[in-house]
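A structural walkthrough
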Amino acid sequence: MVKDRDEAVTDGRVRIHGASISYFTGKLEVYLRYKEIPYDLVPGRPDQVRKHAGAAQIPVVELPNGRFITDTTPIINWFEEEHPDAPVLPEDPLQAFVCRLIEDYADEWLWRPAMHYRWSYDVDKHALSRKIVRELTPDIPVPAVLKRFLIRQRQLRIFVTGDGVDQATRPHVEGSYLRALDMLSAIFARRSFVVGEHPTLADVGLMGPMLRHFSHDPTPAAIMQDRAPAVWEWVARMWNAKASKLSSGGLVTGVPSDLEPLLTEIGETHLEYLSANAIAWQRGDDRFDVSIQGAPYRRVPTSRYRVWCLEQLRKRFADLPESAAAEARGLLEKNCCWDPLWQPEEVASGHDPDGRAPFVEGLEVLTARGARARRG
Ligand SMILES: N[C@@H](CCC(=O)N[C@@H](CS)C(=O)NCC(=O)O)C(=O)O
């Protein structure tokens, strides 16, 4: 529930500047609810957010001491250090690495189908533009009908047609969602959460697309209910999960074989894309073409932020203890993840070289502006 900014209590509580319809706000809320860290959600007004976080991007977290932090991936890492009870990262380093990989795929790859369903379908785009205008733009003195129209145009231009969704790729974009539903249904037929009987970072990451987009927006929600009721049930289970109320069940041992189809999907889609994006970045190209599972994505924007994502995954791999690294390599090779993880050999986004995230300026994910303007 979004509170009026002045209504929100700040004493000792975290304040999220976000939105009730936002992918990454939802992901962060799921995490804080599970960890039982009290927070208030206030509307993330673009001017305020840019002032405090350096990018017009939500969520931004205002800590009780008045400091601001950005980007849910490092935000969650930071909270995990501050609140080590009921960790969302498994102790087993291989499982932890797999969770981080699934989080990255959920954050960055499922973003495109989530935006496509929201802004390409009539019912969805009208419902969502209405919500966004009400929640985030009440102070902008322009008729609501015009604001709604402009938002629909903008979102479609940047995040759908401008992100490689066209007649040739649309079936593949929708297929990414449908395959995710099928693979998760197979997993939830065996256990309550992705790696066992309590949530991990893999569940938290997947809730980004699955909560505020796929289970709430009319078109993908109808598909989820019909095709994957076990995923629908998991969304509710995740939203209701509290670390203190969990049953005693633990995590499975190792990486079960039913996770491998998901890893293969991640290798063939997300990692292939990250690799092509990093090559384009090195060449200085603003846009690039890439074939993913045979679908010809054309002129997708080069993302500096996602070069950083690839760097982070490589760092996590490099941090694995020797025996886990050998096991991880075998698993990644078997499931089409290994080669794209290491191509090109060198990557250098230049983002956050001192490792200060989440205490750094946010980096917009998709805008070429974000990519080019800051290149040294
Ligand atoms: N990596 C960031 C991504 C945040 C993000 O892209 N948020 C979206 C909303 S869910 C946004 O603010 N997009 C900016 C826009 O629509 O222009 C995170 O994890 O927090």
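Keep in mind that what you see is a predicted model, and the values were worked out from it rather than measured.

1. Comments concerning the site of the ligand
All residues in the neighbourhood of the ligand are listed as S22, Y23, F24, A56, Q57, I58, D71, T72, T73, D107 and V365. Elements with a contribution of two residues or more to the shell around the ligand: α1 (23-35) and α3 (72-82).

2. Comments concerning unusual backbone geometry
A cis amide bond links I58 with the next residue in sequence, P59, at an omega value of 5°. As for its position among the elements, P59 is in the loop between α2 (46-53) and β3 (60-62). Of note, the amide linkage connecting Q343 to P344 takes the cis form, showing an omega dihedral of -5°. Checked against the element boundaries, P344 lands in the loop between α15 (338-341) and α16 (368-373). For A86, which is not glycine, the phi torsion reads 45° and is therefore positive.

3. Quick notes on the packing of helix α8 (residues 170-188) against helix α11 (residues 229-239)
Angle between the axes and distance between the axes are the two parameters that describe a pair of packed helices. For the pair α8 and α11, the least separation of the axes is 8 Å and the interaxial angle reads 75°. One element, α8, and the other, α11, form an angle in the roughly perpendicular class. On α11, the residues touching L181, L184, S185 and F188 of α8 are A230, V231 and W234. Class assignment of the residues belonging to the contact of α8 with α11 gives a composition of six nonpolar, one polar and no charged.

What counts, and where the lines are drawn
Residues numbered from 1 in each chain as written. Predicted model: local features only at pLDDT ≥ 70, side-chain atom pairs only at ≥ 80, totals over all residues. Near = placed C-beta within 6 Å. Helix = DSSP H or I, 4+ residues; strand = E, 2+ residues; numbered from the N terminus. Axes fitted to C-alpha atoms, helices over the stretch in contact; angles between N-to-C directions. Parallel < 35°, antiparallel > 145°, perpendicular 65-115°, else oblique. Contact = placed C-beta atoms within 7 Å. Nonpolar A, V, L, I, M, F, W, Y, C, P; charged D, E, K, R; others polar.

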